[in-house]
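# What the coordinates show
One letter stands for each residue in the lines below.
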Amino acid sequence: MKIVYHGSKNGELKEIEARISTHQKKCIYATQSKVFAMLFMGKGKGDLDTMIVTIDGELTLVERREGVLKSIYNTDGYIYELDGSTFSHYDYLGSKEVISFENSLVPLSKTHYKNILEALLLEEEKGNLKIYKYPTRPRNVPLDNSDLIDKYIDFELQGLTGAVKDLLEVYPEFTEIVKEKMNEKNQNKLKNS
């Protein structure tokens, strides 16, 4: 890979530093898709706010709760270009994600976007992105966002401490089902050990 892109809210980065990911690996995330990187320029609660997925080959952004797109993206952001020679794709990553295990990388260049949301809507007009604004969504995404329950329980059980707490802060209505599922998974873990 020659060039990869890293989206950020911070325009003052002299180096892009590795961080512990949801996969429990210290790495730097990037992508070969500038539009995909744009989705990471805003500051939000990640999967709890939006779903970023490829559906039938089309990059798709799903707003999980009303007003989230405005709160995350109605601001400025930055795309950093990085030398892609140390980046690779692994099976556990999303289809458009690549990572580097370098501790830090100096960006080659930086592009400022005055309004991320406007830039994303323009990319949708060009056919480079499909945006589902709440409450519309793809058929396989439940309106109540219950698809997050097992995902966040698994994050917690894999060592991402606080994942379930984060889920329940945004979706307190999942409290009882999360307790039941956590107990069930912990009991199964004990039986299998």
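Summarised in this report is the structure supplied together with it. Everything quoted here is computed from the prediction, not taken from an experiment.

The next subject is the nonpolar core. Within the largest apolar cluster, 21 residues are counted, with the highest numbers of intra-cluster contacts made by Met38, Leu39, Leu61, Tyr73, Ile79, Leu120 and Leu129. When residues of this core are traced back to their parent elements, those giving at least two are helix H1 (34–38), strand S6 (58–63), helix H2 (68–73) and helix H3 (116–125). Apart from the residues within four sequence positions on either side, Leu129 is in contact with Val35, Leu39, Leu59, Thr60, Leu61, Leu120, Glu123 and Glu124. By size, the runner-up hydrophobic cluster in this structure holds 14 residues, among which are Leu48, Leu148, Leu167 and Phe174.

Quick look at the packing of aromatic side chains now. What the rule picks out here adds up to five aromatic pairs. When the centroid spacing of 5.2 Å and the interplanar angle of 65° are considered together, the rings of Phe36 and Phe40 count as edge-to-face. Here Phe36 falls in the buried class, since its relative accessible area comes to 9%. Judged by its relative accessible area of 39%, Phe40 is partly exposed. Taking 5.4 Å as the distance between ring centres and 25° as the angle between the ring planes, the aromatic pair formed by Tyr171 and Phe174 counts as stacked. An aromatic cluster is present here, built from Tyr90, Tyr92 and Phe101 joined pairwise through their rings.

Below, the discussion takes up the side chain of Thr31. Its place among the elements puts Thr31 in strand S4 (residues 26–31). Under the relative-accessibility criterion, Thr31 is labelled buried at 2%. For Thr31, the side chain forms a polar contact with the main-chain oxygen of Lys96, separated by 2.7 Å. Not counting chain neighbours up to four residues away, the residues in contact with Thr31 comprise Val4, Tyr5, Phe36, Ala37, Lys96 and Val98.

A side chain with one charge may pair with a side chain of the opposite charge, provided their charged atoms come close. Applying the stated rule across the entire model yields nine salt bridges. A salt bridge links Asp76 to Lys9; the shortest N-O distance between them is 2.9 Å. Taken together, the positions of Asp76 in the loop between H2 and strand S7 (77–83) and Lys9 in the loop between strand S1 (3–8) and strand S2 (16–17) put the pair 67 residues apart, joining distant regions of the chain. We classify Asp76 as partly exposed; its relative accessible area is 24%. Owing to a relative accessible area of 33%, Lys9 belongs among the partly exposed residues under this scheme. For Arg65, the salt bridge is made with Asp49, and the minimal N-O distance between the two is 2.1 Å. With Arg65 in the loop between S6 and H2 and Asp49 in the loop between H1 and strand S5 (50–55), this pair connects stretches of sequence that are 16 residues apart. Judged by its relative accessible area of 26%, Arg65 is partly exposed. Since its relative accessible area comes to 4%, Asp49 is described here as buried.

With omega at 10°, the peptide bond leading from Tyr134 into Pro135 counts as cis. You can see Pro135 is positioned in the loop between strand S11 (130–132) and helix H4 (147–157). Its identity is not glycine, yet Asp56 carries a phi of approximately 50°, on the positive side. Structurally, Asp56 is set in the loop between S5 and S6.

Quick look at helix H5 (residues 163–170) now. Given 3.6 residues per turn, any residue in an α-helix points the same way as the ones three and four places further on. Those residues of H5 lying buried are Ala163, Val164, Leu167 and Val170. Along the long axis of H5, the arc covered by the buried residues comes to 130°, so they all point the same way. Away from its buried face by more than 90 degrees, H5 exposes Lys165 and Glu169. Lining the buried residues of H5 we find H4 and helix H6 (175–192).

Calculation notes
- Residues numbered from 1 in each chain as written.
- Predicted model: local features only at pLDDT ≥ 70, side-chain atom pairs only at ≥ 80, totals over all residues.
- Heavy atoms only, no water.
- Core = buried A, V, L, I, M, F, W, Y, C linked by side-chain atoms within 4.5 Å.
- Buried < 20%, exposed > 50% of the residue type's maximum accessible area, 1.4 Å probe, protein only.
- Helix = DSSP H or I, 4+ residues; strand = E, 2+ residues; numbered from the N terminus.
- Contact = heavy atoms within 4.5 Å.
- Phe/Tyr/Trp six-rings, centres within 6.5 Å; stacked < 30°, edge-to-face > 60°.
- Polar contact = N/O pair within 3.5 Å; in protein donor to acceptor, adjacent residues only side chain to side chain.
- Salt bridge = Lys/Arg side-chain N within 4 Å of Asp/Glu carboxyl O.
- Arc of directions from axis to C-beta.

Structural measurements only, silent on function.
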